[in-house]
Amino acid sequence: MPFRWIEHTGELEVELEADSEQGLFEAGFDAICDLVSGDGTPERIEVPVELTGSDRALLMADWLGELAFLAETRGLVPERLESFELDEDRVRALVQGSAGYPAHLVKAVTYHRLSFERADGGWRARVVLDV
Amino acid sequence: MSELRRVGEVEWELPATGPMHVPGRVFADAELLEALGGDGSLDQLRNVATLPGVVDAVLAMPDVHQGYGFPVGGVAATELPDGVVSPGGVGFDINCGVRLLAAPFAFDELGDRREALVHEISRTVPAGTGRGSGLELGRAQLERVLVDGPRALEGIGTPVDVELTESAGRLDGADPRAVSERARQRGSDQLGTLGSGNHFLEVQRVDRVHDRAAAEAQGLAEGQVTILIHSGSRGLGHQVCTDFVKRFQGALDRYGIRVVDRQLACAPASSEEGRSYLAAMAAAANFAWANRQLIAHRVRQAIARVLGEEAAAGTRQVYDVAHNVAKIERYGGLELCVHRKGATRAFPPGSREIPERYRDVGQPVFIPGSMGTASYVLAGRAGAMERSFGTVCHGAGRRLSRTAARKRVKGGDLRRQLEEQGISVRSPSNRGLAEEAPFAYKEVDKVVEVVERAGLAVRVARLRPVGVVKG
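(A) Structural context of the overall build of chain B. The secondary structure content of chain B amounts to 16 helices and 19 strands. By the compact-globule yardstick of 23 Å for 471 residues, chain B fits well, its C-alpha radius of gyration being 21 Å. Once the C-alpha set of chain B is aligned to its principal axes, its extents read approximately 60 × 50 × 45 Å. Here chain B, with 471 residues, has 66% of them falling under the buried criterion. At a minimum sequence separation of 6, the contacts of chain B that also span at least 24 residues come to 77%. In the form shown here, chain B has an accessible surface area of approximately 15800 Å², with 46% of it arising from carbon and sulfur atoms. With 60 positive and 58 negative side-chain charges, chain B shows a spacing of 4 Å between the two charge centroids.

Here it is, written out as structure tokens:
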């Protein structure tokens with residue numbers, strides 16, 4: 001698994017690991033899928049996402065926050081990334097899923113202990129979610 | 001816990017060391033301190049003590065537990081005009097709070113209609129993820145709610161409901177222009193909804209009165225049915241906090257502020273950024289009071305359908321308290337910005353800030369327990385003004401993580417256990433139910449006992465759940 005839920009008394013904390021920076025963003029997507037996967041419907045949704053920011057950790061928070069926003073406002077139960085591009089200061093993605101009832105509401109992605117760094121020859125990030 | 005120094009029967013000092021500007025003050029007994037189990041909440045309290053302009057001490061209430069930035073159950077006051085305001089010190093769920101309604105009938109009179117009442121409330125009050133309210137606010141309507149709170153909801157609730165709400169249901173200075181389009185989008189169809197996570201609505205029975213005079217002033221008597229509503233500003237408030245935590249990252253350099261945790265991003269309360277946040281936070285707080293007003297209205301509608309119009313009309317609001325908010329208050333001649341993150345204002349008898357009908361007995365405070373345990377009604381006492389910026393706890397406080405709770409019980413099994421205890425349960429999610437299992441929380445009796453022993457508030461009544469609607 002590219003992500004691991006860590007014990008946190010009040011909220012949910014996730015650790016992401018990947019070989020590349022882009023892989024970390026994709027691992028973040030997998031973690032949100034794991035969290036909000038719920039009852040989908042036959043109605044398919046495809047949502048383009050574009051985010052900018054030069055700080056990788058903040059960009060990761062924005063990315064996960066956008067997925068939580070789509071779950072809340074459009075009932076998006078995310079399933080797969082049709083495409084994903086990461087460059088120096090931009091994320092471009094096409095998110096696919098179904099319109100349904102996400103199982104968990106993510107109030108917000110916090111900056112508490114937020115990290116995005118090289119580790120053990122790969123990359124590691126940590127994010128605390130307010131749920 | 002060796003770093004703590006005992007300074008009172010249930011009061012401990014965390015000495016100011018390193019970059020801390022003030023010490024920490026922890027209200028707990030030995031057992032509650034033990035329950036913290038090194039969960040990181042005291043480290044978070046230390047971090048809060050580094051905020052510019054913080055005065056006296058940063059506080060941990062008896063229900064304190066690990067949060068993000070501030071611990072949950074944390075209080076910090078900064079001196080105006082140059083002290084900072086930190087959105088993380090309020091939290092994402094701005095004006096998350098509790099409203100208590102008192103029904104005009106006893107539990108014994110409810111009899112076999114209990115199940116029907118809980119069921120009807122669950123049908124009438126939207127709860128859980130993906131549940132809009134069925135009430136889409138237009139732009140102008142939403143702006144009125146942001147400025148005026150429940151007053152903007154014509155025909156919803158009564159003027160007495162508004163009067164019996166903290167700050168009369170409206171924080172001054174709310175400015176809808178400070179609330180982003182994204183926040184409006186999240187909130188536009190959520191008014192009158194519980195949300196998910198730890199939000200809930202309980203039908204209860206007053207099973208013990210501790211302070212007869214205060215209970216009488218609050219209209220509570222043993223055996224009476226009460227309804228407790230726990231919700232906040234929903235996605236609108238979450239987005240306001242998200243927007244400003246991000247915006248404040250850029251303000252830190254401008255004001256020469258270094259924070260030890262990015263979630264503690266802050267700006268002087270008097271700065272453009274600080275004023276803008278306070279205006280948006282006030283708007284979100286007003287939205288939250290309107291949210292609980294509409295939920296209460298829907299509860300009365302459910303009561304009317306099950307028990308008749310007279311029962312609904314006689315269901316009175318006791319009070320409504322905020323437990324995630326920053327407010328400008330005066331202590332010892334200083335004007336302070338008091339951040340309460342999972343902590344409740346608890347003003348004593350005589351305070352002009354509380355409704356006249358409670359002025360002789362102190363401000364009502366509601367401390368929800370967990371499903372299956374008691375909740376408490378308290379009344380503020382003078383000790384709170386002396387030692388805790390007029391503040392007490394906000395709940396039992398989590399003891400176990402959500403993951404740990406889910407490992408110990410399945411939602412379906414918990415539902416059966418609660419039903420066997422005579423508690424009807426309605427929850428859209430078994431997973432969510434398991435995460436909020438009673439054993440995941442500290443003992444609420446112990447928490448309020450510490451509050452009372454510290455002289456911050458007194459127990460007025462204990463409420464036992466007979467029905468739970470989970471978000």
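(B) Representation of the side chain of B:Glu11. All names here are of chain B. Among the secondary structure elements, glutamate 11 is positioned in strand E2 (residues 11-14). Taking the relative accessible area as the measure of exposure, glutamate 11 reaches 12% and is therefore buried. A distance of 3.0 Å separates the side chain of glutamate 11 from the side chain of arginine 387, its partner in a polar contact. In this view, glutamate 11 contacts Arg5, Arg6, Arg25, Val26, Phe27, Ala28 and Arg387; residues no more than four positions away in its chain are not counted.

(C) Main features of helix H10 (residues 272-307) of chain B. In this model H10(B) runs 52 Å from its N-terminal to its C-terminal C-alpha over 36 residues, within 8% of the 52 Å that 1.5 Å per residue would give. Looking at the residues trailing H10(B), positive phi occurs at B:Gly308, about 105°.

(D) Main features of the packing of helix H4 (residues 114-124) of chain B against H10(B). Residues and elements named next belong to chain B. It is the contact of H4 with H10, at a shortest axis distance of 9 Å, that shows an interaxial angle of 140°. In terms of orientation, H4 lies oblique with respect to H10. Read as a crossing pair, H4 and H10 show a hand that is right-handed. Of the residues in H10, those in contact with Ala116, Leu117, Glu120, Ile121 and Thr124 of H4 are Arg298, Val299, Gln301, Ala302, Ile303, Arg305, Val306 and Leu307. Partitioning the contact of H4 with H10 into residue classes produces 8 nonpolar, 2 polar and 3 charged.

(E) Representation of the pattern of salt bridges within the structure. Residues and elements named next belong to chain B. Summed over all chains, the structure comprises 52 salt bridges over all chains. Among the ionic pairs, arginine 123 bridges to glutamate 120, the shortest N-O distance being 3.1 Å. Of the two residues, arginine 123 and glutamate 120 are both situated in helix H4; the distance of 3 residues between them amounts to about one turn of the helix. Classification of arginine 123 by relative accessible area gives exposed; the value is 55%. Between arginine 416 and aspartate 413 there is a salt bridge, with its nearest N and O atoms 2.4 Å apart. With arginine 416 and aspartate 413 both in helix H14 (residues 411-420) and 3 residues apart, the pair spans about one turn of that helix. Given the relative accessible area of 31%, aspartate 413 is considered partly exposed. Each of Arg398, Arg402, Arg406, Arg431, Glu435 and Glu436 takes part in one network of salt bridges that share partners.

(F) Structural view of the sheet that holds E2(B). All names here are of chain B. Pairing in this open sheet of 7 strands is mixed, and the strands run E1-E2-E3-E4-E5-E13-E12 from one edge to the other. What marks the edges here is a single partner per strand, and that holds for strand E1 (5-8) and strand E12 (324-331). Strand-to-strand twist in this sheet, taken as the mean axis angle between neighbours without regard to direction, amounts to 40°. As paired elements, E12 and strand E13 (residues 334-341) share 8 bridges and run antiparallel to each other. Its bridge partner being in E13, asparagine 324 is matched across the sheet by lysine 341.

(G) Up close: the interface of chain B and chain A. Each partner contributes residues to the interface: chain B has 38 residues there, and chain A has 33 residues. For the pair chain B and chain A, the interface holds 5 salt bridges. A salt bridge links A:Glu66 to B:Arg182, with the shortest nitrogen-to-oxygen separation between them at 2.6 Å. Going through the elements one at a time, strand E4 (58-68), helix H7 (181-187), helix H9 (234-254), helix H13 (402-408) and helix H15 (430-435) of chain B are the ones with two or more residues in the side of chain B that touches chain A. No other element matches H9(B), which puts 7 residues into the side of chain B that touches chain A.

(H) Looking closely at the packing of H9(B) against H10(B). Residues and elements named next belong to chain B. One way to put it is that H9 packs onto H10 with a least axis distance of 10 Å and a crossing angle of 170°. Relative to H10, H9 is oriented roughly antiparallel. Residues Arg234, Leu236, Gly237, Val240, Phe244, Arg247, Phe248, Ala251 and Arg254 of H9 touch H10, and the partners they reach there are Glu272, Glu273, Gly274, Ser276, Tyr277, Ala280, Met281, Ala284, Phe287 and Asn291. Per-class residue counts for the contact of H9 with H10 are 10 nonpolar, 4 polar and 5 charged.

(I) Representation of the sheet that holds strand E3 (residues 44-52) of chain A within the structure. All names here are of chain A. Read across the sheet, 3 strands follow the order E3-E5-E4 without closing on themselves; strand pairing throughout is antiparallel. Looking at which strands have only one partner, the edges of the open sheet turn out to be E3 and strand E4 (76-87). Mean inter-strand twist for the sheet, computed between neighbouring axes without regard to direction, equals 20°. As judged from the 9 bridges shared by E3 and strand E5 (residues 90-99), these two strands associate in the antiparallel manner. By the bridge assignment for E5, leucine 51 is matched with valine 91. Along the sheet, helix H1 (residues 21-36) contacts E4 and E5; its crossing angle with E4, the most-contacted strand, is approximately 170°. The strands touched by helix H2 (residues 56-74) are E3, E4 and E5; relative to E3, the strand with the most contacts, the crossing angle is about 150°.

(J) Region of the structure containing the environment of B:Gly471. Residues and elements named next belong to chain B. As for its placement among the helices and strands, glycine 471 is situated in the segment after strand E19 (457-470). Given a relative accessible area of 9%, glycine 471 falls into the buried group. When neighbours within four sequence positions are excluded, glycine 471 is seen to be in contact with Ala127, Gly128, Leu194, Gly195, Ser196, His199, Phe200 and Pro428.

(K) Structural context of the packing of aromatic side chains. According to the stated counting rule, one finds 12 aromatic pairs over all chains in the structure shown. Residues A:Phe25 and A:Phe84 carry aromatic rings whose centres are separated by 6.1 Å and whose planes lie at 35° to one another, so their mutual orientation is tilted. Placement of the pair is A:Phe25 in helix H1 and A:Phe84 in strand E4, with a sequence separation of 59 residues. Each member of the aromatic cluster is reached from another via a ring pair, and the members are A:Phe25, A:Phe29, A:Trp63, A:Phe84, A:Phe116 and A:Trp123. One Lys or Arg, B:Arg408, reaches over the ring of B:Phe439 and ends 4.4 Å from the middle of that ring.

(L) Local environment of unusual backbone geometry. All names here are of chain B. Cis geometry is found at the peptide bond from leucine 80 to proline 81, where omega equals 10°. When you line up the elements, proline 81 lands in the loop between strand E5 (70-79) and strand E6 (84-85). Even without being glycine, asparagine 95 reaches a positive phi, approximately 55°. Assessed through its relative accessible area of 0%, asparagine 95 is described here as buried.

Criteria and cut-off values
- Residues numbered from 1 in each chain as written.
- Chains lettered and ligands numbered in written order.
- Predicted model: local features only at pLDDT ≥ 70, side-chain atom pairs only at ≥ 80, totals over all residues.
- Heavy atoms only, no water.
- Helix = DSSP H or I, 4+ residues; strand = E, 2+ residues; numbered from the N terminus.
- Rg over C-alpha atoms; globule rule 2.2 N^0.38 Å.
- Buried < 20%, exposed > 50% of the residue type's maximum accessible area, 1.4 Å probe, protein only.
- Contact = heavy atoms within 4.5 Å.
- Areas by Shrake-Rupley, 256 points an atom, 1.4 Å probe, with all protein chains shown as cover.
- Lys, Arg positive; Asp, Glu negative; His and termini not counted.
- Charge placed at Lys NZ, Arg CZ, Asp CG, Glu CD.
- Polar contact = N/O pair within 3.5 Å; in protein donor to acceptor, adjacent residues only side chain to side chain.
- Expected span 1.5 Å × (residues − 1).
- Axes fitted to C-alpha atoms, helices over the stretch in contact; angles between N-to-C directions.
- Parallel < 35°, antiparallel > 145°, perpendicular 65-115°, else oblique.
- Left-handed = near helix turned anticlockwise from the far one by under 90°.
- Nonpolar A, V, L, I, M, F, W, Y, C, P; charged D, E, K, R; others polar.
- Salt bridge = Lys/Arg side-chain N within 4 Å of Asp/Glu carboxyl O.
- Pairing = 2+ DSSP bridges.
- Phe/Tyr/Trp six-rings, centres within 6.5 Å; stacked < 30°, edge-to-face > 60°.
- Lys NZ or Arg CZ within 6 Å of the ring centre and 35° of its normal.

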